[in-house]
Amino acid sequence: MVEMKESNSERQPKNGRFASIHSPYATANIRILGILVILVVIFSIIAPGFISFISLQSILVSTALFLLLALGETLVIISGGIDLSIGSMLALSGMVSGVMMSHYYHTGSGVGIAVLGLGIALATGLLGGILNGIVIANLRLNPLIVTLGTMGIFEGVAELISNGLPVSNFPPSLFSLGNGGFGLPWLLWFTIAAVLFYGLLLAKTRFGRYIYAYGASKDAVVRAGVNTKRHTTWLYGLAGLAAGLAGYLSTAHFETASPVAGSQYLLIAVAAAVIGGTTLQGGEGTIWGTVIGALIISVLENGFVIVGMASFWQLVAVGVMVIVAVYFNEIQRRSRLAAVGRRQRQ
Amino acid sequence: MDSGEVFRMESVTKSYGGIRALDNISVTFGEGLTAIIGDNGAGKSTFMKILSGVTIPDHGTFLLHGHPIHITSPVEARKLGIESLYQDLALADTLNVYANMFLGRELVKRIVGLPFLDERHMAQLASETLDQVRINIPSVHTMVRNLSGGQRQAVALARAIHFKASVLLLDEPTAALGPKETDSFNRIIMNLVDEGKTVIMVTHNIPQMMEMASRVVVMRAGTIVAEMSPKDTTQEEIMAFMVGSYKTVKSPQNFQKGGD
Ligand SMILES: Nc1ncnc2c1ncn2[C@@H]1O[C@H](COP(=O)(O)OP(=O)(O)O)[C@@H](O)[C@H]1O
Ligand SMILES: [Mg+2]
């Protein structure tokens, strides 16, 4: 209630407004972290080799590519949108940069060309994402439909520039980047940097705050004076940028650029976000949740393989987890509405 | 309580397709509470949206303290000290209290040259404002969706107070509130009026406005059909102006075009 407080308001201790943990996602994130830990414990009991350094590292590496997609997807879903094109964007960026690198590379280690390839992949991803954003923001079209369209367009263009064939003949420095490391595999360093970048952007900046606000109430953001067209454009641009990085790293890791690379990643990227607590109605979610969600998916995949179960069980398990996550979210939403309704009537 | 002109608009017109939502309106507001009363579709919300910069009129000029101003966007309006509360409680549900209060005007601190949100500072200032106006909200870290309608409206009000609005626009602010919450809300409004703010409130509660308002403006079909002090009128007369059974225009200062 909006009550006038009594002059000596003991009912409300002053420090009540400064509880120690403020994030509304703390408990949810601890809960899914618990699920991850339990899964790891179960698999290491069933298969003692599971917990080895090599095994953990291979889990992390197999997480990296779709986690990159999931980072951008998390931002987009929190804003109340969706981006179906990031899988094809991975393929397109990998392909554009792959074609350039294989065209210009002749001899030597080709460090310069590998760096140029990174720039081209990032630029391709960013531009493609910005294109999504411009169409969604300016024509005010449903992101689901727009990115369904560009999903086809990006893959089509990737096929066109490669005649539908995979591209290779890359500088050796690209391979060392894709499979070598410095303490950790390079792939993980890139992914960690991206996680930090997207995590800080979402949680600690105005841009991130408007992502949440836009997902919760478009009107509130418009009335707050935020340039929503520019914000939406950059938002989808950033989703594309992450896909561009994933495309480059995919090319480096698999030592080939394929026009159909990444097509299997879209669904698990969305699944990682949803399992991690991002809700499809928008306004809620965290990058940390998505990271844990992605790790859960990878642990299931690798765990099932180590235990000797057919890997399609992983698909089943991920599917079940997505539905359970959505179900829990819905239960919470209903009980919250009921609670607010009760208080309103008092 | 009227003490001179604070805010004046002249010849304001707004059409939506064939509908004249506002038809050549001129009106002056002084300090104190002005109630805007009118039937559904009279153009009250359109009027308020124009004042708050959400809607751009087809024609019209505005003067704040005698100076011409251009309200081209909500940001512009707020820079001029004009703050709004909306009929539909436009808050971001999944953000907490202070994030909503500072939405669009976040405080940042520089860390290695980059602007990061200054959460602690915002939380502290929000908390102080809530204390100052004696609005009871459990924590500024509470997500707004866990608040009642009255608390949510109080958050929007606290935002206006924190940013030192001199003109407050309220479009049916208590429409979604229970009687107790409405009372508390109105008390806060009256405190603001006592502090010398200009408050413009759209409402259907005529009896309440007879007590609270220093002036009543009655709108019908996109025009102002009456402006008067509650002392000089009755609820029946206001009703009659609302539904159009009075054909004349009652206005102490201005002469408007009459009803249809
Ligand atoms: N965005 C809009 N588009 C088209 N017509 C509108 C719009 N906003 C208001 N109107 C029309 O303008 C008239 C006045 O509406 P409004 O200002 O909302 O009235 P009130 O708030 O007094 O009920 C109504 O006929 C309404 O249908
Ligand atoms: Mg209205």
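For the structure given in this document, a descriptive report is provided here. Only a predicted model underlies this, so the values are computations on that prediction, with no experimental measurement involved.

### Observations regarding the overall build of chain B
Across its full length, chain B carries 8 helices and 12 strands. Over its C-alpha atoms chain B spans a radius of gyration of 19 Å, differing by no more than 12% from the 18 Å that the globule rule assigns to 260 residues. Projecting the C-alpha coordinates of chain B onto the three principal axes gives extents of approximately 65 × 40 × 35 Å. Looking at the 260 residues of chain B, the share that counts as buried comes to 61%. A separation of at least 24 residues holds for 64% of the contacts in chain B among residues at least 6 apart in sequence.

### With respect to the environment of A226 of chain B
Along the polypeptide, A226 of chain B turns up in strand β12 (residues 223-228). Take A226 of chain B: its relative accessible area is 1%, and that puts it in the buried class.

### Some remarks on the packing of helix α1 (residues 26-46) of chain A against helix α12 (residues 287-307) of chain A
Two numbers describe a pair of packed helices, the interaxial angle and the distance between the axes. All names here are of chain A. For the pair α1 and α12, interaxial distance at closest approach is 10 Å and the crossing angle is 15 degrees. Overall, the two elements α1 and α12 adopt an arrangement that is roughly parallel. Judged by the twist between their axes, the crossing of α1 over α12 is left-handed. Judged by residue contacts, N29, I32, L33, I35, L36, L39, V40, F43 and I46 of α1 engage W288, G289, I292, L295, I296, V299, L300, G303, F304 and V307 from α12.

### Observations regarding a nonpolar patch on the surface
Taken together, the side chains of M309, F312, W313, L315, V316, V320, V324 and F328 of chain A make up a nonpolar region of the molecular surface, amounting to roughly 770 Å² of accessible area. Position of F328 of chain A relative to the elements: it lies in helix α13 (residues 312-345).

### Description of the layout of surface pockets
Where empty space is left can be seen by rolling a probe of water-molecule size over the atoms. The computed volume of the largest pocket comes to approximately 770 Å³. As for the largest pocket, its lining consists of 32 residues, of which A28, R31, G277, N329 and Q332 of chain A are closest to the centre. For the lining of the largest pocket, the leading source of residues is α13 of chain A, giving 10 residues. Considering only residue class, the lining of the largest pocket consists of 14 nonpolar, 12 polar and 6 charged. Of the voids in this model, the second largest pocket is the one considered here, and its volume is about 660 Å³. Lining the second largest pocket are 25 residues, and of these S23, P24, A203 and R209 of chain A together with E119 of chain B lie nearest its centre. Contributions of two or more residues to the lining of the second largest pocket are made by α7 (186-204), α8 (206-216) and α12 of chain A together with α3 (97-101) and α4 (119-132) of chain B. Sort the elements by how many residues they give to the lining of the second largest pocket and α7 of chain A lands first, with 4 residues. The residue makeup of the lining of the second largest pocket, split by class, is 13 nonpolar, 8 polar and 4 charged.

### Considerations on the interface of chain B and chain A
Contacts between chain B and chain A engage 53 residues on the former and 38 residues on the latter. Broken down residue by residue, the surface that chain B buries against chain A is led by R134, N136 and R145 of chain B, which jointly contribute 15%. Applying the counting rule to chain B against chain A returns 3 salt bridges. Here E106 of chain B makes a salt bridge to R206 of chain A, at a shortest N to O gap of 3.5 Å.

### A short note on the sheet that holds strand β4 (residues 59-64) of chain B
Residue and element names in this part refer to chain B. Sheet architecture is open: 4 strands sit in the order β2-β1-β4-β5, paired in antiparallel fashion. The two strands at the open ends of the sheet, each matched to only one other strand, are β2 (19-29) and β5 (67-69). Here the average twist between neighbouring strands, direction ignored, is 25 degrees.

### With respect to the side chain of T147 of chain A
Checked against the element boundaries, T147 of chain A lands in helix α5 (residues 143-162). With residues up to four places along the chain from it excluded, the contact list for T147 of chain A reads I82, D83, L84, S85, N132, I136 and Y236 of chain A.

### Digging into α8 of chain A
For α8 of chain A, the tally of buried residues reaches 9 of 11 residues, placing the bulk of the element in the interior. Those residues of α8 of chain A that sit buried are F207, G208, R209, Y210, I211, Y212, A213, Y214 and G215 of chain A.

### Some words on the sheet that holds β12 of chain B
Residue and element names in this part refer to chain B. The strand order across the open sheet formed by 6 strands is β6-β9-β10-β3-β11-β12, and the pairing between neighbours is mixed. Looking at which strands have only one partner, the edges of the open sheet turn out to be β6 (82-85) and β12. Geometrically, the sheet is characterised by an average inter-axis angle of 20 degrees between neighbouring strands, direction not taken into account. Sheet topology note: the β6/strand β9 (residues 167-171) ladder contains 4 bridges and is parallel. The partner of I82 across the bridge, within β9, is V167. In this fold helix α5 (residues 149-162) packs onto β6 and β9, with an angle of close to 180 degrees to the strand it touches most, β6.

### Thoughts on the packing of aromatic side chains
Residue and element names in this part refer to chain B. Under the definition given, this model contains 10 aromatic pairs over all chains. Consider the rings of F102 and F163, whose centres lie 5.6 Å apart with planes at 75 degrees: the pair is edge-to-face. On the criterion of sequence distance, the pair formed by F102 in the loop between α3 and β7 (108-111) and F163 in the loop between α5 and β9 is long-range, its members being 61 residues apart. A residue is classified by how much of its surface remains accessible, and F102, at 1% relative accessible area, is buried. Joined through ring pairs, the aromatic side chains of F7, F29, F47 and F62 make up one cluster. Lying over the aromatic face of Y16, K14 brings its terminal NZ or CZ to 5.3 Å of the ring centre. The lysine or arginine in question, R105, covers the ring of F163, its NZ or CZ lying 3.6 Å from the ring centre.

What counts and what doesn't
- Residues numbered from 1 in each chain as written.
- Chains lettered and ligands numbered in written order.
- Predicted model: local features only at pLDDT ≥ 70, side-chain atom pairs only at ≥ 80, totals over all residues.
- Heavy atoms only, no water.
- Helix = DSSP H or I, 4+ residues; strand = E, 2+ residues; numbered from the N terminus.
- Rg over C-alpha atoms; globule rule 2.2 N^0.38 Å.
- Buried < 20%, exposed > 50% of the residue type's maximum accessible area, 1.4 Å probe, protein only.
- Contact = heavy atoms within 4.5 Å.
- Axes fitted to C-alpha atoms, helices over the stretch in contact; angles between N-to-C directions.
- Parallel < 35°, antiparallel > 145°, perpendicular 65-115°, else oblique.
- Left-handed = near helix turned anticlockwise from the far one by under 90°.
- Patch = residues over 30% accessible without salt bridge, like charges linked within 9 Å, V, L, I, M, F, W, Y side chains within 5 Å.
- Areas by Shrake-Rupley, 256 points an atom, 1.4 Å probe, with all protein chains shown as cover.
- Salt bridge = Lys/Arg side-chain N within 4 Å of Asp/Glu carboxyl O.
- 1 Å grid on protein atoms, 1.4 Å probe; cavity = no way out; pocket = protein on both sides within 12 Å on 5 of 7 lines; lining within 4 Å.
- Points joined across faces, edges and corners; volume = space filled by probe spheres on them.
- Nonpolar A, V, L, I, M, F, W, Y, C, P; charged D, E, K, R; others polar.
- Buried area = accessible area lost by both parts, 1.4 Å probe.
- Pairing = 2+ DSSP bridges.
- Phe/Tyr/Trp six-rings, centres within 6.5 Å; stacked < 30°, edge-to-face > 60°.
- Lys NZ or Arg CZ within 6 Å of the ring centre and 35° of its normal.

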